[in-house]
Every structure is written in C-alpha cells, then in structure tokens.
Amino acid sequence: MKYFGFKASTGAAALVAVGGLGAISAFASTSHVVSQAEKAFSTKKMEVAVGDSITFVNDDKVKHNIVIKKMDVSSGIQKPGEKIDVLFDKNGKFKVRCGIHPKMKVTVVVK
Amino acid sequence: MNLLDISWRSLIAGGVFAAAMPAMAAEQIATRTVAGVDPAELQKMIELNVRPNAIPFPEENPYSVEKAELGKMLFFDPRLSGSNLLSCASCHNPSFGWEDGQPTGAGHGMNRLGRHTPTVLNLAWGEIFMWDGRMDSLEEQALGPIQADVEMAQPLDELIAELQAIEGYRELFAAAFPDQEISEETIGQAIATYERTIVSNRAPFDHWVDGDESAISESAKRGFVIYNTKANCVACHSGWNMTDDSFHDIGLDTDDVGRAAEMNDMPEFKHAFKTPGLRNIVERAPYMHNGSLATLGEVIDHYATGFAERPSLSDDIKPFELSAAEKDDLIAFLESLSSEDDPVEIPVLPN
Ligand SMILES: [Cu+2]
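None of the values given here were measured: they were computed from a predicted structure. Along each chain, the written sequence defines residue order, and numbers are assigned to residues from 1. Here chains are named by letter from A upward and ligands by number from 1 upward, in the order in which they appear as written. Under the rules for a predicted model, residues below a pLDDT of 70 receive no local features and side-chain atom pairs below 80 are neither given nor counted, while totals for whole chains, interfaces and linings still include all residues. As a rule here, side-chain values cover all heavy atoms of the structure and leave hydrogens and water aside.

## Notes on the overall build of chain A
Part 1: Each helix and strand in chain A was counted, giving zero helices and ten strands.
Part 2: Counting the 111 residues in chain A, one finds 47% classified as buried.
Part 3: Taking all contacts inside chain A whose residues are at least 6 apart in sequence as the whole, residues at least 24 apart take part in 52%.
Part 4: Taken as a whole, chain A presents about 5,800 Å² of accessible surface, with 59% of it coming from carbon and sulfur. Helix and strand labels come from DSSP, where a helix needs a run of H or I of at least four residues and a strand needs a run of E of at least two; each type is numbered from the N terminus. Three labels apply to residues, based on accessible area from a 1.4 Å probe with only protein chains included: buried if under 20% of the type maximum, exposed if over 50%, partly exposed otherwise in between. Contacts are residue-level and defined by heavy atoms, with any inter-residue pair within 4.5 Å sufficient. Computed with the Shrake-Rupley method and a 1.4 Å probe, the accessible areas treat only the protein chains shown as cover for residues.

## Examining the coordination of the copper ion
Residue and element names in this part refer to chain A.
Part 1: Donor atoms from the polypeptide that bind the copper ion are His64 (ND1), Cys98 (SG) and His101 (ND1), placed at 2.0 to 2.2 Å.
Part 2: Coordination partners: N, O, S within 2.8 Å of the metal, 3.2 Å for Na, K and Ca; water not considered, so apparent gaps in a site are possible. Expressed as a motif, the donor residue spacing for the copper ion is H-x33-C-x2-H. Placement of His64 in the loop between β5 (53-58) and β6 (67-68) and of His101 in the loop between β9 (92-97) and β10 (105-110) is noted, with a sequence separation of 37 residues between them. Each member of the pair, His64 together with His101, is buried.

## Quick look at helix α5 (residues 138-147) of chain B
Part 1: Of all ten residues in α5 of chain B, eight are buried; the element is thus mostly enclosed.
Part 2: Close packing links the buried residues of α5 of chain B with α6 (156-164) and α8 (184-196) of chain B.

## Description of the packing of helix α3 (residues 65-75) of chain B against helix α7 (residues 167-176) of chain B
Residue and element names in this part refer to chain B.
Part 1: At a minimum axis separation of 8 Å, α3 and α7 run at an interaxial angle of 145 degrees. In this structure, the crossing between α3 and α7 has a hand that is left-handed. Counting all contacts with α3, which are made through Glu66, Lys67, Leu70, Met73 and Leu74, the residues of α7 involved are Tyr169, Leu172, Phe173, Ala175 and Ala176.
Part 2: All residues other than Ala, Val, Leu, Ile, Met, Phe, Trp, Tyr, Cys, Pro, Asp, Glu, Lys and Arg, Gly among them, are scored as polar; the first ten of these are nonpolar and the last four charged. Considering only residue class, the contact of α3 with α7 consists of eight nonpolar, no polar and two charged. Fitted lines through C-alpha atoms give the axes, limited to the stretch in contact for helices. The angle between two N-to-C directions lies from 0 to 180 degrees. The sense of a crossing depends on the near helix, which, turned anticlockwise from the far helix by less than a right angle, makes the crossing left-handed and, turned clockwise, makes it right-handed.

## Quick notes on the packing of aromatic side chains
Residue and element names in this part refer to chain B.
Part 1: Stacked, tilted and edge-to-face are the three classes applied to pairs of Phe, Tyr and Trp rings, where Trp contributes its six-membered ring and a pair requires centres within 6.5 Å; stacked means planes under 30 degrees apart, edge-to-face means over 60, and tilted covers the rest. Throughout the structure, instances matching the rule amount to 16 aromatic pairs over all chains.
Part 2: One aromatic cluster is present, built from ring pairs that chain together Phe205, Trp208, Phe224, Tyr227 and Phe333.
Part 3: By definition, being over a ring means that NZ of Lys or CZ of Arg is both within 6 Å of the ring centre and within 35 degrees of the ring normal. Between the NZ or CZ atom of Arg259 and the centre of the ring of Phe269, over which it lies, the distance is 5.7 Å.

## Observations regarding the interface of chain A and chain B
Part 1: Listed as interface residues are 18 residues of chain A and, on the opposing side, 19 residues of chain B.
Part 2: A side-chain nitrogen of Lys or Arg and a carboxyl oxygen of Asp or Glu constitute a salt bridge if their distance falls within 4 Å. For the pair chain A and chain B, the interface holds eight salt bridges.
Part 3: Lys69 of chain A is paired through a salt bridge with Glu262 of chain B; the nearest N and O atoms lie 3.2 Å apart.
Part 4: Whenever two N or O atoms come within 3.5 Å, that pair is a polar contact, provided that in protein one can donate a hydrogen and the other can accept it, and provided that, for residues adjacent in sequence, both atoms are side-chain atoms. Counting across the interface, chain A meets chain B through nine residue pairs in polar contact (both at pLDDT 80 or more).

## Side note on the nonpolar core
Residues and elements named next belong to chain B.
Part 1: Within this scheme, the nonpolar core is defined by two criteria: the residues are buried Ala, Val, Leu, Ile, Met, Phe, Trp, Tyr or Cys, and they are joined through side-chain atoms within 4.5 Å. Membership of the largest hydrophobic core comes to 38 residues, with the highest contact counts inside it found for Leu42, Phe205, Trp208, Phe224, Leu330, Phe333 and Leu334.
Part 2: Beyond its immediate sequence surroundings of up to four residues, Trp208 is in contact with Arg32, Val34, Leu42, Ile46, Glu213, Ala215, Ile216, Lys221 and Phe224.
Part 3: One finds Phe75, Val120, Met135 and Ala190 within the second-largest nonpolar core, a separate group that totals 37 residues.

## A word on the side chain of Arg202 of chain B
Part 1: Mapped onto the secondary structure, Arg202 of chain B falls in the loop between α8 and α9 (204-209).
Part 2: A distance of 3.1 Å separates a polar atom in the side chain of Arg202 of chain B from a polar atom in the side chain of Asp210 of chain B.

## Overview of the confidence of the model for chain B
Part 1: A residue's pLDDT is the confidence the predictor assigns to it, expressed on a 0 to 100 scale. With 91% of its residues at a pLDDT of at least 70, chain B reaches an overall mean of 91.
Part 2: Interface predicted TM-score (ipTM) for the complex: 0.75; the corresponding pTM is 0.87.

## Here's the deal with the pairing of strand β2 (residues 31-37) of chain A
Residues and elements named next belong to chain A.
Part 1: Strand pairing follows a simple DSSP-based rule, namely that at least 2 bridges must link the two strands. Relative to β5, β2 runs parallel, the two being bridged by six bridges. Counterpart to His32 in the pairing with β5 is Ile54.
Part 2: Bridge count between β2 and strand β3 (residues 40-41): two bridges; the pairing is antiparallel. Opposite Ala37, over in β3, you have Ala40 as the bridge partner.
Part 3: Hairpin connection, β2 to β3: the antiparallel pair is bridged by two residues, and Glu38 has positive phi, about 50 degrees.

In structure tokens form, the structure reads like this:
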C-alpha cells in the first residue's frame, strides 16, 4: 500500500485530527507542509510523529516528484502547483528525494 | 606548501574535514581572460568550478582509517565474487579511470553486461547511484554488484561466513567496527568509506581556476568557454565534478529504458541515464552508458547533431555547430580535466 496521492487543495487537512507531536490519542496526527522551490525542499531535516503526514507542495516552476525508497513511494510527475501527501506510519529515518533532481532531498525522522 | 596542493591522502590522514577547511572564497579567484569573452561572464563560469577542499562523509557512516583500510582490502579481494575471480577492482580499475576500458562490463563467467562500467572517482559527492539511480547510497550500491547473478554472483550470507573464517578479516572488521559482527551493513560501510577516498587530484584545469594562467593552453581556455556557451555541455555537466547528478535522455540509439524502469515508467525518463562526472574523462574511454562511442570527438558529434529526436529527449539537447578548431578546443578543455593521481597500492590480502 502506498500512502501518497495528488490532492487538489486542502486534501491533507482531511487527515488531521487534533493534537501534535505529543498527542496521546491514537488517532491524533499532524499535517506538515514542505515546499519545493528553486530545486530545493524548504527544509533539509525534520522530525514528525508516527501517523503524521507531510504535504509536499511544488511551488517551483519545474516538475518534481517524491521518491522514498525505504517506503516504496514513487509519486510520478508532480507539476508546478501540485501537492503530494505522504503518511508516515512507521518510525525510522527516511530520505525523501526528488527522483528528477536527486540533489533535492530532505531527511524525515519519524518518532 | 600551498594549502591547495595538499593531497587528498594527507587531508584524510590528518583528519581534516569539511568543517575545518574554509571553502575558497570567490574573491580569491584571480581575474582571468579569454579573447573575445566578457571578463565578468567568464568569471561567473569559473566560479562555478571551484573545488571543495575536503571529502564529505555521511553522518551514518563517518570516516575512519580502519574502515577505509578494510574497505580497500574488500574492494581488491576477488573472494567477494562467487567464482573468487572477480573483485570490485576487476571492473573499477584505477588504470582506466576506475573503469575497465571496455564498451560494457564483463561479469560472472565473462558474461557481457548491458551497460558501461561507470567510474568510482569522486563518488563521495554522488547522490544516487547506478546509471539508472536505483541505489540510494554508496553503502547500498557497494552490495549490489557483489550479489547480482550476472556480476559477481556472491550470496552475501556465504560471503559473511567466508570472511568470518579468515583471521585477518576478523581482526580488520573488529578494528573498523568494534562490537559489531561482520554483516552486510559493515561490508557496505567499509567499501563505501574506501570509495569515498577515491578522489581525482587537482587537474591542470583546477590550477587555472585557482589563478595559474599558464596551467592550461589557450585552446583549452577557449574550449571551456565553448563548453559553457555554444555547446552548452554545462546544462547537465555542471559544477567542479561536471555532473548535475540527474537523468537525461540524450538521444542515443538504445533499447535500454534506463531510469524509466525505476520511476513508474514515466515517459520523461525513458532512455534517461545519470549524467556522469567528467573528471579524468580521457582515461575513461569508451563513452556513454552503453560504451558505444570510442572518442571524445564522436561524443561531441553526437551532441551536435547525432541524437535521435523523440518525446523523451531532454530539453537541453539542442543541435549546435562547431568548427574543426572549436571542436579541438573543446577536446583540449576536456583533456585539462585529467589529474595526475597518486599511485594506488594493491593491498596484500589476509589469508
Ligand atoms: Cu525535482
């Protein structure tokens, strides 16, 4: 099962319940946003909680995509303006890359 | 001794790493001239080629002398193959720019492989590995060819048992990885650490970048400008190691789908292969992912007009016309990227 997909606009919000990193509820999760611009992610490293999702927003003028080898995620082409939601449901350290521009990368630590 | 002349070996031995070495500031670059080229434009082109002064090692697998030494043993050890005849160095031979001089590699049972052996030079700066980028780290990459049936055909569990049975290796692993068993991970980490130390020395081109006007010929200087302008090689072969680490269909006659196999069959990646760096490129013939072009002249002809027009062709591939003299200039520039590297001592392996 691959947890990613193109969402038109506020798609990620649907996943969001109340609570943050320290939430107790099993259903609590946070949605984070990472922007892609100038062939770079807006951050190089981030920490999220198990069950959180990240919305990758292509704010660039060129196509990108999202590849996470360890999670078997490969998103297909992500045109400018398109968003990709990824649910991180297992703990570990994951390298998220653009498969088109491999120098674009962000490390996501899921705790 | 000029700081810039310190060899990579002494940088490593002295434990001097990125944080300790200041990057060369742009203002230190002397003003250079090439006839007919705007000095400011030339300066911009040159600044993009300033070399880093230290090798980057990842947080997950930091450098140690012991790891690099063990990795070198493993790299040159034919017992890493099922036949005990092929080592990593059989194909990645330091004499041929860490390639094999063949159009495509030869693996287990002398089987011809489908693609040209890529160099291991300067991979410390690599992002993802193999012609199609299917390996995410050098650690992971190192284990790929060892296990592949058509390459070294060595199951890793058997290899671990073989290495464990050799006292010298038990000691080397214990020194490199205290409190760890010999494992896939430690084998991969040791080889990757050694590979990261394989760096081309400063070439004549680098000395020119550093400000030595006489380091390269006038022809090579003109070639550098052609590389950056008319021929637009720099669109993909960018930076000091001359690669964007990305993937492009450059219009070669090939059935190989390349990166598309890795990327959900995305049409954009059909026949796309990773841009190789161009350091020591003269020593690395023949060229291209399938070794189909014998000389740099043929490569230039391919990019000028020889490519196939097809939907997946990279937007950066556009025809250009060079005179015979301009072509010679471009080749002279590419020749200036070859460094005189330290001799590689073949290790005596533990028995
Ligand atoms: Cu990208």
